Amino acid sequence: DVPVQETTGLEDERGFGGLYAQVEWTPMPRLRVDLGGRFNFTDEKREGEVEGEDGEETGSSSRSVSRGSGTLGVSYLVLEGGAGGSAGDGLWVFADYRDALKPAAIDFGPEAEAIDILKPETATSTEGGFKGRLLDGRFEWQASVFRMDFENLVTSVIVDGRPALVNSGEERFKGYELEGSLRLSEALRVQASYAHHDSKFVDFVQVFDDVPTQLAGKRLEMAPQELAAFGVSYFPERGLSAWATWNYVGDRYLNKRNTALAPAFDTYSAGLGWRLDAWRFSLIGENLTDERDPVAESELGDAQYYRQTARSYELRVSFDF
């Protein structure tokens with residue numbers, strides 16, 4: 001019974017092309033070099049129209065981008081084997097550099113006639129660290145530091161009270177990660193990880209209440225600084241299997257101006273199963289404590305968020321043939 005005030009139409013045609021090459025080189029048994037290069041070509045054409053009480057509005061735009069990207073990685077075996085260790089044990093040092101390009105996402109917003117195509121997202125990243133194996137390969141670990149510099153990252157904003165997507169200037173992500181896995185037996189494994197992520201705006205001006213605001217130095221919204229996980233799994237070839245995990249998500253800001261801080265939360269999941277020759281039966285429980293904290297920003301409007309998925313159970317039966 002509600003009259004339609006306007007109808008919109010959007011047509012978007014995107015083309016992608018590229019040429020790439022990759023080389024893996026081992027100049028000596030302990031040293032490995034990975035080198036890759038790619039030439040990217042993207043072309044996009046967009047047309048939109050809005051028909052309403054005041055008539056019809058139309059618009060069109062196009063964007064073509066040609067740009068190279070690539071990767072360079074180096075891995076060196078510093079120590080091999082050890083006292084009582086197998087040939088598979090060792091200590092490696094590694095580093096890599098990446099340059100990447102990604103066309104921007106399509107904005108399916110209500111303003112179909114305002115159809116400026118966003119600039120592509122670009123990023124450069126560097127990572128370095130150590131990784132190793134001990135106890136005849138039963139214990140594996142890795143420690144690394146990283147830095148990523150983004151330009152034109154697509155983010156959601158509110159324009160004239162309506163949600164929209166924009167390029168958000170420059171951002172920087174840096175931090176370190178630790179992870180380890182210990183195999184206590186052929187079926188029993190313990191795993192743990194921790195990550196510290198520092199994600200901040202470097203140069204991005206956004207209008208709040210008609211006032212341009214420089215967000216440099218502010219943390220990206222919904223991006224936690226601390227992440228951790230711990231898990232135990234028991235998966236024999238036959239019979240009873242079980243697993244349990246704990247995940248921790250640190251505090252994060254709900255907005256770009258960093259005025260609303262959401263507290264940290266953790267979730268627990270577990271599962272039981274039984275395996276025969278070909279049949280597998282599993283009962284899986286996710287988010288057993290039913291935590292419903294905000295975890296992602298909604299594209300539907302300002303100060304609206306998607307919450308952590310509620311507690312759920314799944315009974316799974318599979319047959320291998």
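Heads up: the structure comes first, above all this text.
Residues numbered from 1 in each chain as written. Predicted model: local features only at pLDDT ≥ 70, side-chain atom pairs only at ≥ 80, totals over all residues. Heavy atoms only, no water.

J.: Go over the overall build of the protein chain with me, naming the residues and quoting the values.
T.: Helix and strand content of the protein chain: zero helices and 21 strands. Taking 2.2 N^0.38 as the reference for a compact globule, 321 residues should give roughly 20 Å; the C-alpha atoms of the protein chain span a radius of gyration of 25 Å, well beyond that estimate. By the burial criterion, 30% of the 321 residues in the protein chain qualify as buried. Nonlocal contacts in the protein chain, meaning residues at least 24 apart in sequence, comprise 57% of its contacts between residues at least 6 apart. Accessible area of the protein chain: about 19900 Å², with a carbon and sulfur share of 55%. (Helix = DSSP H or I, 4+ residues; strand = E, 2+ residues; numbered from the N terminus. Rg over C-alpha atoms; globule rule 2.2 N^0.38 Å. Buried < 20%, exposed > 50% of the residue type's maximum accessible area, 1.4 Å probe, protein only. Contact = heavy atoms within 4.5 Å. Areas by Shrake-Rupley, 256 points an atom, 1.4 Å probe, with all protein chains shown as cover.)

J.: Pulling in residues and values, what's your account of unusual backbone geometry?
T.: In this structure, D136 is a non-glycine residue whose phi angle is positive, near 55 degrees. As for its placement among the helices and strands, D136 is situated in the loop between β5 (121-134) and β6 (139-151).

J.: So what's going on with the pattern of salt bridges? Which residues, and what values?
T.: Any two side chains of opposite charge can pair, so long as their charged atoms come close to each other. The final tally for this structure, using the stated rule, is 18 salt bridges. For E121, the salt bridge is made with K102, and the minimal N-O distance between the two is 3.7 Å. A residue pair is termed long-range when its members are at least 10 positions apart, and E121 in strand β5 and K102 in strand β4 (residues 90-102) qualify at 19 residues. Looking at E121, the relative accessible area reads 10%, which means it is buried. When its relative accessible area of 44% is taken as the criterion, K102 is described as partly exposed. In this structure, D320 and R280 form a salt bridge, with 3.2 Å as the shortest nitrogen-oxygen distance. (Salt bridge = Lys/Arg side-chain N within 4 Å of Asp/Glu carboxyl O.)

J.: Could you give an account of the nonpolar core, with specific residues and numbers?
T.: Residues A123, F146, F150, L153, F173, F201, F204, F208, L215, L220 and A223 constitute the largest nonpolar core, which totals eleven residues. The contact partners of F204, leaving out residues within four places of it in the chain, are T155, V166, N167, S168, G169, T213, Q214, L215 and K256. (Core = buried A, V, L, I, M, F, W, Y, C linked by side-chain atoms within 4.5 Å.)

J.: Break down a negative patch on the surface for me, citing the residues and quoting the values.
T.: On the surface, E11, E13, E47, E49, E51 and E56 cluster together to form a negatively charged patch. For the negative patch, the secondary structure elements donating two or more residues are β1 (6-28) and β2 (31-52). A per-element tally of the negative patch places β2 first, with three residues. Note that E47 resides in strand β2. (Patch = residues over 30% accessible without salt bridge, like charges linked within 9 Å, V, L, I, M, F, W, Y side chains within 5 Å. Lys, Arg positive; Asp, Glu negative; His and termini not counted. Charge placed at Lys NZ, Arg CZ, Asp CG, Glu CD.)

J.: Give a description of the pairing of strand β13 (residues 226-234) that names residues and reports values.
T.: Note that strand β10 (residues 188-203) and β13 share nine bridges and pair antiparallel. Within the sheet, the bridge partner assigned to A195 lies in β13 and is L227. Note that β13 and strand β14 (residues 239-249) share eight bridges and pair antiparallel. From the neighbouring strand, L227 faces β14, where its bridge partner is V249. (Pairing = 2+ DSSP bridges.)

J.: Residue-level account of the environment of E291, with values.
T.: Tracing the backbone through its elements, the reader meets E291 in the loop between β18 (279-286) and β19 (294-297). Residue E291 is classed as partly exposed on the basis of its relative accessible area, which comes to 24%. Sequence separation between E291 and S241 is 50 residues; the distance between their C-alpha atoms is 26 Å. Once residues within four sequence positions are removed from consideration, E291 is found in contact with F265, D266, T267, Q308 and T309.

J.: If you had to explain the packing of aromatic side chains to someone new, which residues and values would you point to?
T.: Taken as a whole and assessed by the stated rule, the structure comprises seven aromatic pairs. For the pair F150 and F173, a centre-to-centre distance of 5.1 Å together with 75 degrees between the ring planes defines the contact as edge-to-face. With a gap of 23 residues between them, F150 in strand β6 and F173 in strand β9 (residues 170-183) connect regions that are remote in the sequence. For F173, a relative accessible area of 19% puts it in the buried group. One aromatic cluster is present, formed by W279, F281, F319 and F321 through successive ring pairs. Of note, K131 hangs over the ring of F94, and the distance from its end group to the ring centre comes to 5.6 Å. (Phe/Tyr/Trp six-rings, centres within 6.5 Å; stacked < 30°, edge-to-face > 60°. Lys NZ or Arg CZ within 6 Å of the ring centre and 35° of its normal.)

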